[in-house]
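Take a look at the letters that make up each chain.
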Amino acid sequence: MNIEKKNIIVTGASGGIGKSIVKKLHENGAKILATGTNEEKLNKLKNELKDIEILSFDISNHEKIEEFIENATAKLGGNLDCIVNNAGITKDNLTIRMSMVEWSKVIDINLTSTFLMSKFAIKKMLKNKSGKIINISSVVGHTGNVGQANYTASKAGIVAMSKSLAIEYAKKNINVNCVSPGFIGTAMTDKIDDKFKQLIISKIPANRLGSPEDVANAVLFLASSYSDYISGETIHVNGGLYLG
Ligand code: NAP
């Protein structure tokens, strides 16, 4: 898929979708720096794939994001071609019960960190006048969802922000796109109780949850030169649940 030797940072690499993205990009020849906070899971991934770099980092540490991008790029050999901003959290609650902590944590990690990671990655990419930013949003950022005012706002924010960055940096040959997964079988959706999960599946035209690899395939396309004239766009990976 044309990404051989491309230097790519993947956040949330210790999670279900992130791990699959790392494996997909790695098997297509990219040089990967995988990050997350769970060092045990990152080490396990490194033991499995061998020639990837790992660097643990808490993306809620906004003051250190520039330094992280610097260190991560150095580990990749000094050039950054692509970043996949995949790390994300949920802290669900009905709106009238949602605390400021639940609201702010989700906005901080999902939206503000994605903005800052993109900002400092773009600064690196400007030197080469080329790059790809791939931000992971969510179907519920387009549709809304009960108990997820914080999460849906963060994911819709990612889509709108990505469009602005796409317009700002198109002339510099930097593409900014999103992937919006539907309901994917990972730890995040394991939290949903079985009855509700069955109800969700019954509403998905493909009649199944998506797999992390379904998402990774879309990321691979956006990381490759086959998507060079696509920017500010969102690829929906949802089995037909929502048609954007
Ligand atoms: P997951 O298995 O829970 O993984 C979440 C990842 O985010 C983990 O690697 C976690 O790393 C990382 N992360 C969370 N907080 C972090 C922090 N403060 N600093 C650094 N890393 C942090 O979830 P997933 O299902 O793979 O989700 C991946 C992305 O897809 C998320 O953005 C999610 O919103 C989105 N998404 C998922 C679904 C779905 O159905 N699963 C649907 C739509 C969108 P550590 O554990 O190492 O901290």
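Scroll up a little and you will see the structure.
Residues numbered from 1 in each chain as written. Predicted model: local features only at pLDDT ≥ 70, side-chain atom pairs only at ≥ 80, totals over all residues. Heavy atoms only, no water.

Turning our eyes to something else, we now look at the sheet that holds strand S6 (residues 174-181). Strand order in this open sheet of seven strands is S3-S2-S1-S4-S5-S6-S7, and the pairing throughout is parallel. Strand pairing shows two members of the sheet lacking a second neighbour, strand S3 (53-56) and strand S7 (234-237), which therefore form its edges. Strand-to-strand, the axes of this sheet are offset by a mean angle of 15°, without reference to chain direction. Relative to S6, helix H9 (residues 212-223) is tilted by about 170°, and along the sheet it contacts strand S1 (7-10), strand S4 (82-85), strand S5 (131-136), S6 and S7. (Pairing = 2+ DSSP bridges. Helix = DSSP H or I, 4+ residues; strand = E, 2+ residues; numbered from the N terminus. Axes fitted to C-alpha atoms, helices over the stretch in contact; angles between N-to-C directions. Contact = heavy atoms within 4.5 Å.)

A few words now on the site of the ligand. Residues in contact with the ligand amount to 30 residues; listed here are only the nearest, Ser14, Thr37, Asn38, Tyr151 and Thr186. One nitrogen or oxygen atom from the main chain of glycine 16 is found 3.0 Å from an oxygen atom belonging to the ligand. Protein chains bury 88% of the 870 Å² of accessible surface belonging to the ligand in isolation. (Near = heavy atom within 4 Å. Polar contact = N/O pair within 3.5 Å; in protein donor to acceptor, adjacent residues only side chain to side chain. Areas by Shrake-Rupley, 256 points an atom, 1.4 Å probe, with all protein chains shown as cover.)

Let us look at the packing of aromatic side chains. Throughout the structure, instances matching the rule amount to one aromatic pair. Seen in terms of ring centroids, phenylalanine 57 and phenylalanine 68 are 4.6 Å apart; in terms of plane orientation they differ by 10°. Their pairing is stacked. Pair noted here: phenylalanine 57 is in the loop between S3 and helix H3 (65-75) and phenylalanine 68 is in helix H3, with a separation of eleven residues, a long-range link. (Phe/Tyr/Trp six-rings, centres within 6.5 Å; stacked < 30°, edge-to-face > 60°.)

Before going further, it helps to examine the pattern of salt bridges. Tallying each qualifying case throughout the model produces nine salt bridges. Glutamate 53 is the salt-bridge partner of lysine 75, the closest N and O atoms lying 3.7 Å from each other. Separated by 22 residues along the polypeptide, lysine 75 in helix H3 and glutamate 53 in strand S3 bring together distant segments of the chain. Of the residues examined, lysine 75 reaches a relative accessible area of 37% and is grouped as partly exposed. What makes glutamate 53 partly exposed here is its relative accessible area of 25%. In this structure, lysine 124 engages glutamate 70 in a salt bridge whose closest nitrogen and oxygen atoms are separated by 2.9 Å. Pair noted here: lysine 124 is in helix H4 (residues 100-128) and glutamate 70 is in helix H3, with a separation of 54 residues, a long-range link. Among the residues examined, lysine 124 registers a relative accessible area of 13% and is labelled buried. Through salt bridges with shared partners, a single network forms among Lys24, Glu27 and Glu213. (Salt bridge = Lys/Arg side-chain N within 4 Å of Asp/Glu carboxyl O. Buried < 20%, exposed > 50% of the residue type's maximum accessible area, 1.4 Å probe, protein only.)

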